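# Reading the structure
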Amino acid sequence: MNSLIRTTARCLRSVYMPRQAVWSTSARFLCAAADLQKDLGEMVKKDKVVVFMKGTPAQPMCGFSNAVVQILRMHGVDDYASYNVLEDSEFREGVKVFSNWPTIPQVYFSGEFVGGCDILLQMHQNGDLVEELKKLGISSALLEAGKESK
């Protein structure tokens, strides 16, 4: 994060025109990008589970986003924040920069980046997802179903 701030400050110094006291278009864009990164930092910490996806949980717009929704649903995780990155291309690119991850969907647990569809699927398959949900205070529905069948 400090490198982002240093880079933004350096860029602002190079594009600000003191004689005219006018901000260039690129300076305004950099400030907006810095604000977006700050907002994203707050967004991922606001809820226990946050998903940046294409579409919505009710209507995913890509197979990978749908897979993430289905995995969470299998575990009984219905109460999570989801953000549709298709609504704004700058937002979509900002999400990728924020996580330093090139693809969507992206999943966060308690403000920490977990990964995308492939990582969540792997965690589901090897049982790590049940443990991670437990750390969040969420009891997996799959764990509960296993207890009932015994």
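Residues numbered from 1 in each chain as written. Predicted model: local features only at pLDDT ≥ 70, side-chain atom pairs only at ≥ 80, totals over all residues. Heavy atoms only, no water.

Naming follows an unreviewed UniProt entry, where the protein appears as Glutaredoxin-related protein 5, mitochondrial of Cottoperca gobio.

### Here's the deal with helix α3 (residues 63-74)
To keep things clear, this is the line we draw: We count a stretch as a helix when DSSP gives it H or I for four or more residues in a row; a strand needs E for two or more, and each element gets its number in order from the N terminus. Expected span of a helix: the number of residues minus one, times 1.5 Å. The buried label applies to any residue whose accessible area, calculated with a 1.4 Å probe on protein chains only, is under 20% of its type's maximum; exposed applies above 50%, and partly exposed to all values in between. To obtain the arc, one takes the directions from the helix axis to the C-beta atoms. Any pair of residues with heavy atoms lying within 4.5 Å of one another is described as a contacting pair.
Between its first and last C-alpha atoms α3 spans 16 Å; for 12 residues at 1.5 Å apiece the expected length is 16 Å, and the two agree. For α3, the complete set of buried residues consists of S65, V68, V69, I71 and L72. Each buried residue of α3 lies within a common arc of 160° when the element is viewed along its axis, so the set occupies one face. Against the buried residues of α3 lie β1 (49-53), β3 (106-109), α5 (117-126) and α6 (128-135).

### Brief notes about the sheet that holds strand β4 (residues 112-115)
Put simply, the rule reads: In this scheme, strands are said to pair when DSSP sees at least two bridges between them. Under this scheme, a helix contributes an axis fitted over its contacting stretch, all axes are lines through C-alpha atoms, and angles between N-to-C directions fall in the 0 to 180 degree range.
Here we have four strands laid out as an open sheet, ordered β2-β1-β3-β4, and mixed in their pairing. Unpaired on one side and paired on the other, β2 (81-84) and β4 mark the two borders of the sheet. With strand direction ignored, the average angle separating the axes of adjacent strands in the sheet is 25°. Sitting on the sheet, helix α4 (residues 89-99) touches β1, β2, β3 and β4, and the angle it makes with β3 is about 55°.

### Here we look at the pattern of salt bridges
The criterion, for reference: One speaks of a salt bridge when a side-chain nitrogen belonging to Lys or Arg is within 4 Å of a carboxyl oxygen belonging to Asp or Glu.
All chains considered together, the criterion is met by four salt bridges. Residue E42 is joined to K38 by a salt bridge in which the shortest nitrogen-to-oxygen separation is 3.9 Å. Placement of both E42 and K38 in helix α2 (residues 25-46) is noted, with a separation of four residues, approximately one turn of the helix. The class for E42 is partly exposed, based on a relative accessible area of 46%. The residue E132 makes a salt bridge to K135 at a minimum N-O spacing of 3.0 Å. One end of the pair is E132 and the other is K135, both in helix α6 and three residues apart, which spans about a single turn.

### Some remarks on the confidence of the model for the protein
Inclusion rule: Every residue gets a pLDDT, meaning the predictor's confidence in that residue, from 0 to 100.
For the protein, the mean per-residue pLDDT works out to 83, and 73% of the residues sit at or above 70. Note on residues 1-30: pLDDT under 50 across the span, and 18 contacts to partners over four residues away in sequence or across chains.

### Quick notes on the side chain of S99
With respect to the helices and strands, S99 occurs in helix α4. Judged by its relative accessible area of 15%, S99 falls in the buried class. Beyond its immediate sequence surroundings of up to four residues, S99 is in contact with Q106, Y108 and F113.

### Concerning the pairing of β3
Along β3, one buried face is formed by Q106 and Y108 and the opposite face, lined by V107 and F109, is buried too. As defined by bridge partners, β1 adjoins β3 across four bridges and the pair is classed as antiparallel. Residue pairing in the sheet places V49 in a bridge with F109 of β3. Pairing analysis gives three bridges linking β3 to β4, with the strands arranged antiparallel. Pairing of V107 across the sheet is with G115, part of β4. Counted along the chain from β3 to the antiparallel partner β4, the turn is two residues long, and its residue S110 has a positive phi close to 50°.

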